[in-house]
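One letter stands for each residue in the lines below.
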Amino acid sequence: MCVVTVKLGLPLVSAVLVILAVNMVHTQDTDSVNVFIVTDSKNMVAKNAAEVALKFVSESSSAKVKIGVNKMIIVDPEQDISTTVCSELDALVDNGESPHLFAYLADLQHGMEDHFIMDLSKSIGIPSVITSPGYSEMGMKDMMDTSEDNTAIHQQVVQIYPPGDIYPEILRTLAQNMNLTNAGILYDESFDLSSKLRTLLLNMPVRHVIKSLATTNQEIKDQLMRLESVSIYNYFILGSSETLKMVFKVADSLKMYGEKYSWFAGTMETQTEFDPSCCNNMKLTYFYPLPDSKSSLKSLQKSYGLTMKPAIEAGFYFDTIVNSVHAVDELRKSGLLAGVQARKCNDSTEPAAPVDFRSKLQGVKRDYAFGPLKIMDSTAHMEFSAKIDSYEIKQEKLIDSKSFGSWSAKEPETMNLEPAMQQMFSNLGATTLYRVVSVLQAPFVMKDENGNYTGFCIDLINELQEMMNFKYEISIVGEYGTMDENMQWNGMMRELIDKNADIGLGALSVMAERENVVDFTVPYYDLVGISILMKKPEVPTSLFKFLSVLEDSVWMCILAAYFVTSIIIWIFDKWSPYSYQNNMEKYVDDDEKRLFDLKECLWFCMTSLTPQGGGEAPKNLSGRLVAATWWLFGFIIIASYTANLAAFLTVSRLETPVESLEDLAKQYKIKYAPKNGSASATYFERMAYIEERFYEIWKDMSLDDSLAELERSKLAVWDYPVSDKYTKIWQSMQEAKLPETDEEAYERVRASPSSSEGFAFLGDATDIRYQTLINCDLQMVGEEFSRKPYALAVQQGSPLKDQLNDAILKLLNQRKLENLKEKWWNQNPLKKSCDDTEGEGGGISIHNIGGVFIVVFVGIGLAIITLAVEYWYYKSKRPGSQVGSITKVNPKDAEYIRRGDKGIAAVANPW
């Protein structure tokens, strides 16, 4: 045989060897699966798990697959891997060992950045599986393209998201279920959230910071203190058990525990107990992955050494390789790989038609190491669950533990909570504590006798607290804040700028310069302008004001004239021979007969001054002259009295009142000014400044030599063409000296001699309206001007703004803010019931004319007393007489009685 072989010659031997090689290759293609695996140098768990997986596939009795060429290389993702991968791949193809399966087990951090692997997996022409993040900003966007042109490639190349890419989604679910408003997320090398910095809590009202955890205690301490300095109190620590223990020791030393802080710890390790030796005082929520109840992890650990940690990653990479090999083997057995050969990196030939590797991978049914691989039409990941427990630690001992439930990667947006634990779970987050800075200003913020804060804004923040579930602590500053020449703020604005407060609460006006340094919410109060506070005019009232029309000396003279006139009439009637009492026979036939004794004279003079008239005048001419003189005197006195009474009742209304800012500016008796440093003072100061700037611009234009003569002539006017109203007003205010406090301003207003002279205060209309509400000696004058809304202020860029906006809008829709206005204005317990001097309409009030009624009652009282005296006098002086009997008369009168003379009634005894 050997000789024959020699005689055949070298060409024949070469041909035989080529045929044998081809037969050997064909035998490999049909009987075994060649695997080409690339792993990252930082992902040794994947390398070791893949080796165990290939061993398991080769030795498994239930689903044994013959592995042909098994090529595994380790690359450094931080360097150019294309040379290494291409050289190995090309060598395999050249040696007739073309792989049937290409697998890239990427490091979580760097796999998404290597676009070379992405392009290679689509051009190599064989089934490929890549474990790469799916939620990255760069990631596998082109690979995940399911457009019609890319569907075939999408079926041949399968991307499976590793557990480390899915697991952080539990943070989003926790934050959503507990309504967290802030979160600090720190992670070590066992996690990598660099691809999720912008997406993890996207579209959630959670102010958050995501940072890689430091490695030393001091650096960790600095990180935690920085988080606390920006008001973050919910901390998520992701890492190994050693990392968690180190962080909690630092937190315990900083005394970062209590209801103000909330701690959440997550790990990739599968453990059922937490080491309490980290802390002296800590409450935390702990979550960790657990193998599925049907997993074969323990068996694989015992039989094949699948003991790499974390177990969830080891199980994932194990199942990925095993399932992929089985899927390729099914393709091989069904003949779909016939003629399919891997292409070299620089091969420009048209690749073979892609095979449906995804469908075969979906159909693999076998026991899994940790959790089942879920292969869907466009994505793929491992389904696993994480257990959520709560621990309370005291003095390095676990004193209490609770199990809340679990989270599943199958439904990452929901929590499977125990029914009894749902309420407790929602309260796991740190108690949100906002620092509120305010200014005491009634009725918005006030302090009662017990030291408690009350007012409109306090009720408002309590309503917001109930809706948003937070706590707050109030600090008081002296003012809302103004900006000095160096653009430095004070008061409430300074506290917000320095981040010493979270919310600015009070009657805070929205102003342009304030919006440059803080953010304002939607207005919670209507537009509020500047108004004028003045002393209410005091209209003097007197029940006997009708007596004050004439001076006391005049009243005495009238009274003297009354008595003198009455006595004169009596004397004249007594001594005149022509009087009635001296000539009764002459006036027998007269219908009216009147005997003017002293009593009758007094009555005559009194009634002569009234519209009723005096009655029958004296018969004698002298008496009539006296009566006529008295009538003329009475007419003049009554006319004078009536005219003066009307003048007295209306003279207080003849003064022209101040009704606007223009009226104040036109007069000089009333000084006026706002509070120093207030928004009102800023308004007038800036209006004066604007007028001054306009004047300077006009002056420069008028004196500009560069203008044409015609243009200059148009500007040449004697008077300043723009108003300088506010310049004069601001000058007057400065001369009046701006009050430093509201109390000082109110006292100056009250100290005004009258409403037409003294001091007027200009301030926010709400403040002035409240002062008129609780004080009857003050009044609000004129219409509001320079109106601005009231709103809450927050730190610039704070997410709290959107939360407060939503809550305030809800309160507006529910009309609760209107109810608060009704409570603190119309139903205010300090509201006083004042006389409505403006509503009198010029009429005479009871306060001015009430004395007349007193005179009537006094007259009736005197009449009753007189009647009693008369009755007593008659009964006591004439005991034998009868009431109604006629006393003795002289013979002369008796004669008249016999005649039936009616005049006898004038001289007969009335009894």
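This structure is a prediction, so every number in the text was calculated from the model and none was measured.

Calculation criteria
Residues numbered from 1 in each chain as written. Predicted model: local features only at pLDDT ≥ 70, side-chain atom pairs only at ≥ 80, totals over all residues. Heavy atoms only, no water. Disulfide = S-S within 2.5 Å. Helix = DSSP H or I, 4+ residues; strand = E, 2+ residues; numbered from the N terminus. Buried < 20%, exposed > 50% of the residue type's maximum accessible area, 1.4 Å probe, protein only. pLDDT = per-residue confidence, 0-100. Contact = heavy atoms within 4.5 Å. Pairing = 2+ DSSP bridges. Axes fitted to C-alpha atoms, helices over the stretch in contact; angles between N-to-C directions. Right-handed = clockwise from strand over helix to strand, strands pointing away. Phe/Tyr/Trp six-rings, centres within 6.5 Å; stacked < 30°, edge-to-face > 60°.

A. Highlighting the state of the cysteines. A full pass over the atoms with the stated rule returns 2 disulfides. The disulfide bridge from cysteine 86 ends at cysteine 345, spanning 2.2 Å between sulfur atoms. Residues cysteine 86 and cysteine 345 are joined by a disulfide whose S-S torsion is about -105°; by sign, that bridge is left-handed. Taken together, the residues span a long stretch of sequence, with cysteine 86 in helix H4 (residues 82-94) and cysteine 345 in the loop between helix H12 (311-333) and helix H13 (357-362) at a distance of 259 residues. For cysteine 345, a relative accessible area of 22% puts it in the partly exposed group. Here cysteine 278 connects covalently by a disulfide to cysteine 279, the sulfurs 2.4 Å from one another. Taking the sign of the S-S torsion, about -75° here, the bridge from cysteine 278 to cysteine 279 comes out left-handed. The burial state of cysteine 278 is the same as that of cysteine 279; both residues are buried. Cysteine cysteine 601 remains unbridged, with the sulfur of cysteine 605 as its closest cysteine sulfur at 6.8 Å. Judged by relative accessible area, cysteine 605 falls into the buried class, the value being 0%.

B. Region of interest: the confidence of the model for the chain. Chain-level pLDDT for the chain is 79 on average; 83% of the residues reach the 70-or-more range. Every residue in residues 1-29 scores below 50 in pLDDT, and together they form 6 contacts with partners more than four places removed in sequence or on other chains.

C. Layout of the sheet that holds strand S26 (residues 793-795). If you trace the 5 strands from one edge of the open sheet to the other, you get S19-S16-S20-S26-S21, paired in mixed fashion. Sheet topology places strand S19 (471-476) and strand S21 (518-520) at the edges, where each strand pairs with a single neighbour. On average, adjacent strands in this sheet sit at an angle of 30° to one another, irrespective of strand direction. Looking at chain direction, strand S16 (residues 433-438) and strand S20 (residues 503-505) are connected through 3 bridges and run parallel. Bridge pairing in S20 links valine 436 to isoleucine 503. Across the face of the sheet, helix H15 (residues 456-468) comes into contact with S19 and S20 while running at roughly 155° to S19.

D. Local environment of the pairing of strand S8 (residues 234-238). Taking burial as the measure, the 5 residues of S8 include 5 buried ones, the bulk of the element. Residues Asn234, Phe236 and Leu238 line one face of S8 and the alternating positions Tyr235 and Ile237 line the opposite face, and both faces are buried. Across 4 bridges, strand S6 (residues 182-187) lies against S8 in parallel orientation. Following the sheet pairing, isoleucine 185 is matched in S8 by phenylalanine 236. By the bridge criterion, 5 bridges tie S8 to strand S9 (residues 262-266) in an arrangement that is parallel. Bridge pairing in S9 links leucine 238 to glycine 266. In this view, the connection linking S8 to its parallel neighbour S9 by way of helix H10 (residues 241-253) has right-handed handedness.

E. Spatial organisation of the packing of aromatic side chains. The final tally for this structure, using the stated rule, is 35 aromatic pairs. Measuring from ring centre to ring centre gives 5.8 Å for phenylalanine 444 and phenylalanine 456, while their planes differ by 75°; the resulting arrangement is edge-to-face. A residue pair is termed long-range when its members are at least 10 positions apart, and phenylalanine 444 in the loop between S16 and strand S17 (446-447) and phenylalanine 456 in helix H15 qualify at 12 residues. Pair check on accessibility: phenylalanine 444 and phenylalanine 456 agree, each one buried. Note on tyrosine 746 and phenylalanine 761: the rings are 5.9 Å apart at their centroids and 90° apart in plane angle, and the pair reads as edge-to-face. Taken together, the residues span a long stretch of sequence, with tyrosine 746 in helix H25 (residues 742-750) and phenylalanine 761 in strand S24 (residues 758-764) at a distance of 15 residues. With respect to burial, tyrosine 746 and phenylalanine 761 carry one shared label: buried. Here the aromatic cluster, defined as three or more aromatic residues joined through ring pairs, consists of Tyr167, Phe191, Phe287, Phe384 and Trp407.

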